[in-house]
Structure formats: C-alpha cells, structure tokens
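# Structural characterization, general
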Amino acid sequence: MALTDTRIRNAKPQAVPVKLPDGGGLHLELRPTGSKLWRYRYRLHGKENVFALGEYPTLSLADARKARDDAKKLVKQGTNPAHSRKLDRLTAAKASRDTFEAVALEWSASRAVECKWSDSYRQGVKRILDADLLPALGKLPMRQIKAAHLLAALRGIEKRGARTVAAKARFLSSEIWRYAVATLRADSDLAASLRGAVRMPDHEHHPSLARDEIPAFLAALGNYSGRKETAAAIKLLLLLFPRPGELLGASWAEFDLDAALWRIPAERMKMGEEHLIPLPSQAVELLRGLKFLTGKYPHLFPHRDQRNKPMTDSALRQALRSLGYSRKLTPHGFRGTASTALNEMGYRGDWIEKQLAHEERKRSRGSYNHAIYLEDRRTMLQGWADLIDEMAKSASNVVPVRFGQAA
C-alpha cells in the first residue's frame, strides 16, 4: 500500500524500528526516537543494498519518490547510488576549492609572505578583492568564469569613476589567474585577454603646494584649532615627506630621537624594504613635544576614539579641508611639494628619490644598503627644515603649534 503524507504524519514510534513500504523499493523507517528516514532497497551485482535518501519531512514524500527513481536509473546502469553520491560530494568539495574566492584568498596569503607586502599594500589588495572582485566573481569556479564576467566587473568599477582601481583590479585578476594555472585550477590567464580593455588613467595627480604657497599654508596651520596631533602630523609630512600611511602607522619604538633617526620596518614600506629617515632638529623638537602628548600610546598619532589604533588618512584630509585646502592639497601632495622644491634648490636627484623611498627595488652590488645617502639626506632635510622656518617667519599671524614641555 502506497504511503500518504497523512499516514506518515500519524505514524507513531514503536519500541523497535518499523518499516512503512511505499513501493518500488522505497520505504520509510520509523525509529523509536521518532525519526522518519527514507530508504531505498535495491539489488546490484547479485547483492542487496540499502541507500539512505534523507529524512522526512525535510525530504517530502514526492521528493523521496523522485530520489528513488533517480537511484533506480543508476542501478540499471550498473552504478552504485551511494558511490555516485560520494563522487558528487567530492566533486562539489573540489569545486568549492576552485572558486575565484578560494583561489584569490590563497593567492593573496601566499604572495603577501613571498613578496613581503607592506600593510598598506596588503590592505589595498584586500579592498579591491572585497569591494569589487569577490562580490562579482567569488562564488564562480575558475574554469566557468568567462572574459565577459570579469569585464562586467571592471566596467562596474569604471562607471563609478575609479579608473585607477579598475586597472589595478585587472592586474590583480591576472595575477590570480596565473596562480590558478600554476596550481592546476585554470588553463590560461583569462584576464590577459582584457589587457587594454581597461586603461590606467594619466598619472594620478595629488594636489600639492608650490614653493611660494608654503608660507600662507604655514600661517593657516599655525591657526589650526583641531587636535594638536593632527597638526603635528601635517607638519611632519611637510618636513619629512613620507607616504601618509607610513607616518600615521608609525610607532614610538621606530624612533631614536637622540640619534635623530626614524627606522621604518620593511613590513610597513610599500616596497618591502626597511627605510631610514634622518630627522632635522626641527622634527626632533616637534617629536619630543608630541611624545609629551601621546607617548603613552603605541602610535605617534593615536585614533581619536580607539587610542591603541593609529589615526586615519581621513583625519588629515578633514584637517586640510578645515584649513581651506580641500582642492589645493592632499596628504600625499606634500611629497610632490618637497620633491619639486628640493630639485629647484639643486639637491641631487638620487638623494631626493632615496628620501621618497622610490628606489628600494633597484639593488646593486650585493645586498641592499638601506642607509645609502643617509648623511647626505640628513644635510638635505636640515636645509629643507631651515627653509621652512624662514618661510614661517615671512608669513603673517603665524601661531606656533605647542605641546607643552618635552617628555
């Protein structure tokens, strides 16, 4: 007698398991615990077998009959349904390891160690993956992704005006596909076919100050009414012109104020090499005052709300907006300001490039010498700081930034 949903629902558990037949080898096993389990009994190669289909009501009566019919077809082909299901599960598990997301995360973890990515570069890669590539491609197996899928994702980035990000996303995608090829999860670099479809815009321009604009800026900074740490960060960007992330992520442990030296570890540098910055006397004085204010925290510039974390770049941008320089200057723009002025002043280009940490990957004569041009750069930075002092004197209404007594 075929089963009905009513009969199944009304069936009560017994002291021993009870089988309720439905037909065609299908039956429902009623356990003493109250569980109701679908079973399909079949014979293959002269041996009787039982195949577990699922549990009622998760697997309905209609679905159980369909599952029985599917299993019966396999039996007629000489295939064991249990073996087929195990193979399907293994295939699905392998497919989950071959998705774009799985390969991309594996690639980024491997490359970060191999190439000694800086924290800022690692975060930049993570932002592009999380915001743009993974939402569009993450769940797709690598071999099922077409060039059209990737192109659509890149066009979406372009539509919001982020052409630089789109170009970087295509480059990262190519790196991911090449890794997939090397690990036998793709046959070719699909992203390479899109080379030229997304172009990097002209060199990104970071608004910066001309040399004759510095006095007015110093006057505005002197009247800044925000956090003293923020004003100090901006002044150090002008004096030392590091990348904003390198400055904001700096810890007090990196500084030897007695030796007037800042040692930035390799893991925090864009190029993955330790970088030394000699400190002019003005920077040392400013840092000693800053230490009186923030020396009890790990970072020179602690976050306003989470004091054990560093200040963010947005705090600097907000400060520049409040000073009236929102469209005239960016935190990164101080590098351009200093570079242009120092070249005009006649300092050697390789000193300037080394101070900007642009040459760290160009190694020669054996191992890399991170102290190259150190004393030359010390002289250059002292001259630059002295010039800034002269500019401050020429500006009207300059109010020095004070921190109290030095620590």
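Residues numbered from 1 in each chain as written. Predicted model: local features only at pLDDT ≥ 70, side-chain atom pairs only at ≥ 80, totals over all residues. Heavy atoms only, no water.

### Section: the overall build of the chain
When its secondary structure is counted, the chain shows 15 helices and 7 strands. Expected size for 407 residues packed as a compact globule is a radius of gyration near 22 Å; at 33 Å, the chain overshoots this value by more than 25%. A principal-axis box enclosing the C-alpha atoms of the chain has dimensions of 105 × 45 × 40 Å. Evaluated residue by residue, the chain yields a buried proportion of 43% over its 407 residues. The contacts in the chain between residues at least 6 apart in sequence include a share of 60% that link residues at least 24 apart. Separation between the mean location of the 68 positive side-chain charges and that of the 45 negative ones in the chain comes to 9 Å. (Helix = DSSP H or I, 4+ residues; strand = E, 2+ residues; numbered from the N terminus. Rg over C-alpha atoms; globule rule 2.2 N^0.38 Å. Buried < 20%, exposed > 50% of the residue type's maximum accessible area, 1.4 Å probe, protein only. Contact = heavy atoms within 4.5 Å. Lys, Arg positive; Asp, Glu negative; His and termini not counted. Charge placed at Lys NZ, Arg CZ, Asp CG, Glu CD.)

### Quick notes on the sheet that holds strand β4 (residues 47-56)
With antiparallel pairing, 4 strands are arranged side by side in an open sheet as β1-β2-β3-β4. Each edge of the sheet is formed by a strand with only one pairing partner; in this case those strands are β1 (18-23) and β4. Averaged over all pairs of adjacent strands, the angle between strand axes in this sheet comes to 30°, irrespective of strand direction. Lying over the sheet, helix α2 (residues 61-76) contacts β1, β2 (26-30), β3 (36-44) and β4, oriented at roughly 20° with respect to β3. (Pairing = 2+ DSSP bridges. Axes fitted to C-alpha atoms, helices over the stretch in contact; angles between N-to-C directions.)

### With respect to the confidence of the model for the chain
Per-residue pLDDT for the chain has a mean of 86; in total, 90% of the residues score no lower than 70. Between residues 360-368, whose pLDDT stays under 50, and residues either more than four places distant or in other chains, the model counts 14 contacts. For the stretch residues 398-402, pLDDT sits under 50, and the model shows 7 contacts to residues farther than four places along the chain or on other chains. (pLDDT = per-residue confidence, 0-100.)

### Some points on the sheet that holds strand β5 (residues 255-256)
The strand order across the open sheet formed by 3 strands is β5-β6-β7, and the pairing between neighbours is antiparallel. The open sheet has two free edges, formed respectively by β5 and β7 (275-278), since each of these has just one partner strand. As judged from the 4 bridges shared by strand β6 (residues 261-264) and β7, these two strands associate in the antiparallel manner. Considered in β7, the bridge of R263 is made with L276.

### Quick word on the packing of aromatic side chains
The tally for this structure, following the rule as stated, stands at 10 aromatic pairs. Both rings, one in F217 and one in Y325, keep their centres 5.1 Å apart while their planes meet at 90°; by these two values the pair is edge-to-face. Of this pair, F217 sits in helix α8 (residues 214-222) while Y325 sits in the loop between α12 (313-322) and α13 (333-344), and the two are 108 residues apart along the sequence. Of the two residues, F217 and Y325, neither departs from the other in class, the shared state being buried. With centroids separated by 6.5 Å and ring planes inclined at 40°, the aromatic side chains of Y347 and W351 adopt a geometry described as tilted. The exposure class assigned to W351 is buried, which follows from its relative accessible area of 15%. A connected cluster of aromatic rings, assembled from ring pairs, spans W107, W117 and Y121. Here R307 stacks its cationic end above the ring of Y297, 4.7 Å away from the centre of that ring. We note K328 situated over the ring of Y325; from NZ or CZ to the ring centre the distance is 5.6 Å. (Phe/Tyr/Trp six-rings, centres within 6.5 Å; stacked < 30°, edge-to-face > 60°. Lys NZ or Arg CZ within 6 Å of the ring centre and 35° of its normal.)

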